[in-house]
Amino acid sequence: MEKEEIESFQQFILDKSKNGQKANILALVGSGLSVSSGLHTYGNNSDLASNVSWRNYSSIDLATPDAFETNPGLVWLFYAYRRHLALLATPNNGHKILADLSNLTSNLNFLTITQNMDGLHERVHHNSDSLLEFHGSLFEVICTNFNCNYRSFNFNDPLTPSLDVTKYIDSKTMELPKIENISQLPLCPICGTLLRPGVIWFGEALPLYLIDKADEFIIDYNIDILLIIGTSHSIWPTSSYIDLIKNQGGKIAVFNTIRDLELEKLNSTTKVWQFIGDCATTLPEIFNPILINWKNSQ
Ligand SMILES: [Zn+2]
């Protein structure tokens, strides 16, 4: 990374947060940050390209309301497996620095919109008021009874004895159990109906309150800088926010393993910093000096 680029970025943020002002920062986080923690992603409704197979099923076969209706046991096993892997992963220094930023409410207005469902932001205590999980969470469960609004968040593993995946995790050939009885699956403690994973499936719309919350933040705070972390300009929701923030006069900083050539073209009208490397390393390297500066100036 070029030293001058790093310094000009740091100075930009410090200038925005001096004399009692707060810097307004929106972070868009994609799968690259989870990859740095050793987690593979299994695709979701905006990221069809990363559709990865699991035991001969593609995630498009399993991550749909239809699949859940037809075979809730199989779909729950898939999510139990993903919960288990996510719990085995360790949040990295990129997750930690975003959590630090989210808790520094005296220096900045900060919001993270993440595409990741793996709970790694929560595990390093990212401020929950400034975290929007646009694709839901592997660790949320939601009641499927239309008249019941039960939903809860937990890191239990396994969720039920039948969803203990430790026996199958290392063996790709061992046959998965057939769970045919709903009572073996997570059930609502209020009404007894089957619970479902709190993730957004293919064909499902994003909850409106999430989009509204993101829009409100952008309108209320007039974003100084958009951080694009471990994702590409072309992947939604990043794609939809770039123009909005550019039109507000905001700048862009990319933290990714590859240079975003499309965003580079914006550089003539909007400043775009690109910090190439593992974002678990580049994020703390660039933000820690800013955090120290804020701390010292208090
Ligand atoms: Zn219920």
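Cut-offs and rules
Residues numbered from 1 in each chain as written. Predicted model: local features only at pLDDT ≥ 70, side-chain atom pairs only at ≥ 80, totals over all residues. Heavy atoms only, no water. Phe/Tyr/Trp six-rings, centres within 6.5 Å; stacked < 30°, edge-to-face > 60°. Helix = DSSP H or I, 4+ residues; strand = E, 2+ residues; numbered from the N terminus. Buried < 20%, exposed > 50% of the residue type's maximum accessible area, 1.4 Å probe, protein only. Lys NZ or Arg CZ within 6 Å of the ring centre and 35° of its normal. Core = buried A, V, L, I, M, F, W, Y, C linked by side-chain atoms within 4.5 Å. Contact = heavy atoms within 4.5 Å. Pairing = 2+ DSSP bridges. Axes fitted to C-alpha atoms, helices over the stretch in contact; angles between N-to-C directions.

*Asks:* How should the packing of aromatic side chains be read in this particular structure?
*Replies:* Each aromatic ring pair is summarised here by two numbers: the centre-to-centre distance and the angle between the ring planes. Tallying each qualifying case throughout the model produces 13 aromatic pairs. With a centroid separation of 5.6 Å and an interplanar angle of 90 degrees, the aromatic rings of Phe 9 and Phe 287 are classed as edge-to-face. Placement of Phe 9 in helix H1 (residues 3-16) and of Phe 287 in helix H11 (residues 279-296) is noted, with a sequence separation of 278 residues between them. Exposure remark for Phe 9: the relative accessible area of 0% places this residue in the buried category. Classification of Phe 287 as buried rests on a relative accessible area of 0%. Ring centres of Phe 78 and Tyr 79 lie 5.0 Å apart, and the angle between their planes is 70 degrees; this geometry places the pair in the edge-to-face category. The exposure class of Phe 78 is buried, given its relative accessible area of 1%. The class for Tyr 79 is buried, based on a relative accessible area of 2%. In textbook terms, an aromatic cluster arises when at least three aromatic residues are bridged by ring pairs, as seen for Phe 9, Phe 12, Phe 255, Trp 273, Phe 275 and Phe 287. Over the ring of Trp 201 we find Arg 196; its NZ or CZ atom is 3.8 Å from the centre of that ring.

*Asks:* Can you walk me through the nonpolar core in this structure?
*Replies:* Side chains of a nonpolar character, in soluble globular proteins, are inclined to be buried together. Residues Trp 54, Trp 76 and Tyr 79 are the most contacted members of the largest nonpolar core, which totals 35 residues. Residue assignment for this core shows that the elements contributing at least two residues are helix H4 (65-70), helix H5 (72-88), strand E6 (136-143) and strand E8 (195-199). For Tyr 79, the contacting residues outside a window of four places in its chain are Ala 63, Leu 138, Pro 197, Val 199 and Trp 201. Formed by 29 residues, the second largest nonpolar core is a distinct cluster that contains Phe 12, Trp 273, Ile 290 and Leu 291.

*Asks:* What exactly am I supposed to notice about the sheet that holds E8 here?
*Replies:* Hydrogen bonds between backbone atoms are what pair the strands of a sheet, whose relative direction is either parallel or antiparallel. Taken in spatial order, the 3 strands of this open sheet run E7-E6-E8, and their pairing is antiparallel. Strands at the two margins of the open sheet, each flanked by one partner only, are strand E7 (151-153) and E8. This sheet shows a mean twist of 35 degrees between the axes of neighbouring strands, independent of strand direction. Here E6 pairs with E8 via 5 bridges, running antiparallel. Following the sheet pairing, Ser 137 is matched in E8 by Gly 198. Along the sheet, H5 makes contact with E6 and E8, crossing E6 at roughly 140 degrees.

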